[in-house]
Amino acid sequence: MSIVYLDTHVLVWLYAGMLDKFTAEGQQMMETHELRVSPMALLEIEYLNEKGVVTVTPDTLFAELAQTIGLAVCTIPFAMVSRAAFSLAWTRDPSTG
């Protein structure tokens, strides 16, 4: 089975039950693929919680989504992920051109 990685926005929307944010294709992908999250996305949830943007902690959010949709944390060492991204031009911030 293929893996789909969920970003921070998707995690927050799923936790909040905001399924209307997803296209039918996006919902189908989440229903038919293994779902993973980067530890970095969970750290972003912590930052958002500290700033008051979200009221949920990353531990609570992850526990809920692990239970309800089978979300798992990616176990690939982050250093390997970042090294692989060095050569992928599409990972650059689009606002900087």
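This text goes with the structure placed above it.
Described in the following lines is the structure provided in the data block. The structure displayed is predicted, hence computed values, not measured ones.

Next up on the list: the overall build of the protein. Counting its secondary structure elements, the protein contains five helices and three strands. Listing each helix as α and each strand as β along the protein from the N terminus yields β-α-α-β-α-α-β-α. The proportion of buried residues among the 97 residues of the protein is 22%. Summed over its atoms, the accessible surface of the protein is roughly 6800 Å², and 59% of this surface lies on carbon and sulfur atoms.

Counting 17 residues, the largest nonpolar core has Leu6, Leu11, Leu14, Met30 and Leu71 as its most contacted members. Elements with a minimum of two residues in this core: helix H1 (8-16), strand S2 (34-37), helix H3 (39-51) and helix H4 (58-69). For leucine 6, the contacting residues outside a window of four places in its chain are Leu11, Leu14, Met30, Leu35, Arg36, Val37, Ala41, Ile69 and Leu71.

On to H4, then. Along an α-helix, residues three or four positions apart point the same way, because every turn accommodates 3.6 residues. The end-to-end C-alpha distance of H4 is 16 Å, a good match for the 16 Å that twelve residues give at a rise of 1.5 Å each. When H4 is considered as a whole, its buried residues turn out to be Pro58, Leu61 and Leu65. Relative to the axis of H4, the buried residues are bounded by an arc of 65° and lie together on one face. More than 90 degrees from the buried face of H4, the exposed residues found are Asp59 and Gln67. Positioned one or two residues after H4, glycine 70 has a phi angle of 75°, which is positive.

Next up on the list: the packing of H1 against H3. Packing of H1 against H3 brings their axes to within 9 Å, and their N-to-C directions diverge by 65°. What the angle tells us is that H1 and H3 run roughly perpendicular. Regarding H1 and H3, the two cross each other, and that crossing is right-handed. Here Thr8, Leu11 and Val12 of H1 come into contact with H3, specifically with Ala41, Glu44, Ile45 and Leu48. For the contact of H1 with H3, the residue count by class is five nonpolar, one polar and one charged.

Turning to the layout of surface pockets, a few remarks are in order. The calculated volume of the second largest pocket comes to roughly 180 Å³. Along the walls of the second largest pocket sit Leu14, Leu19, Gln27, Met30, Glu31, Leu35, Leu65, Thr68 and Ile69, which together make up its complete lining. Every element with two or more residues in the lining of the second largest pocket is listed here: helix H2 (24-32) and H4. The residue inventory of the lining of the second largest pocket, partitioned by class, reads six nonpolar, two polar and one charged.

Each value, and the rule that gives it
- Residues numbered from 1 in each chain as written.
- Predicted model: local features only at pLDDT ≥ 70, side-chain atom pairs only at ≥ 80, totals over all residues.
- Heavy atoms only, no water.
- Helix = DSSP H or I, 4+ residues; strand = E, 2+ residues; numbered from the N terminus.
- Buried < 20%, exposed > 50% of the residue type's maximum accessible area, 1.4 Å probe, protein only.
- Areas by Shrake-Rupley, 256 points an atom, 1.4 Å probe, with all protein chains shown as cover.
- Core = buried A, V, L, I, M, F, W, Y, C linked by side-chain atoms within 4.5 Å.
- Contact = heavy atoms within 4.5 Å.
- Expected span 1.5 Å × (residues − 1).
- Arc of directions from axis to C-beta.
- Axes fitted to C-alpha atoms, helices over the stretch in contact; angles between N-to-C directions.
- Parallel < 35°, antiparallel > 145°, perpendicular 65-115°, else oblique.
- Left-handed = near helix turned anticlockwise from the far one by under 90°.
- Nonpolar A, V, L, I, M, F, W, Y, C, P; charged D, E, K, R; others polar.
- 1 Å grid on protein atoms, 1.4 Å probe; cavity = no way out; pocket = protein on both sides within 12 Å on 5 of 7 lines; lining within 4 Å.
- Points joined across faces, edges and corners; volume = space filled by probe spheres on them.

Such coordinate-based values are descriptive only and should not be taken to indicate function.
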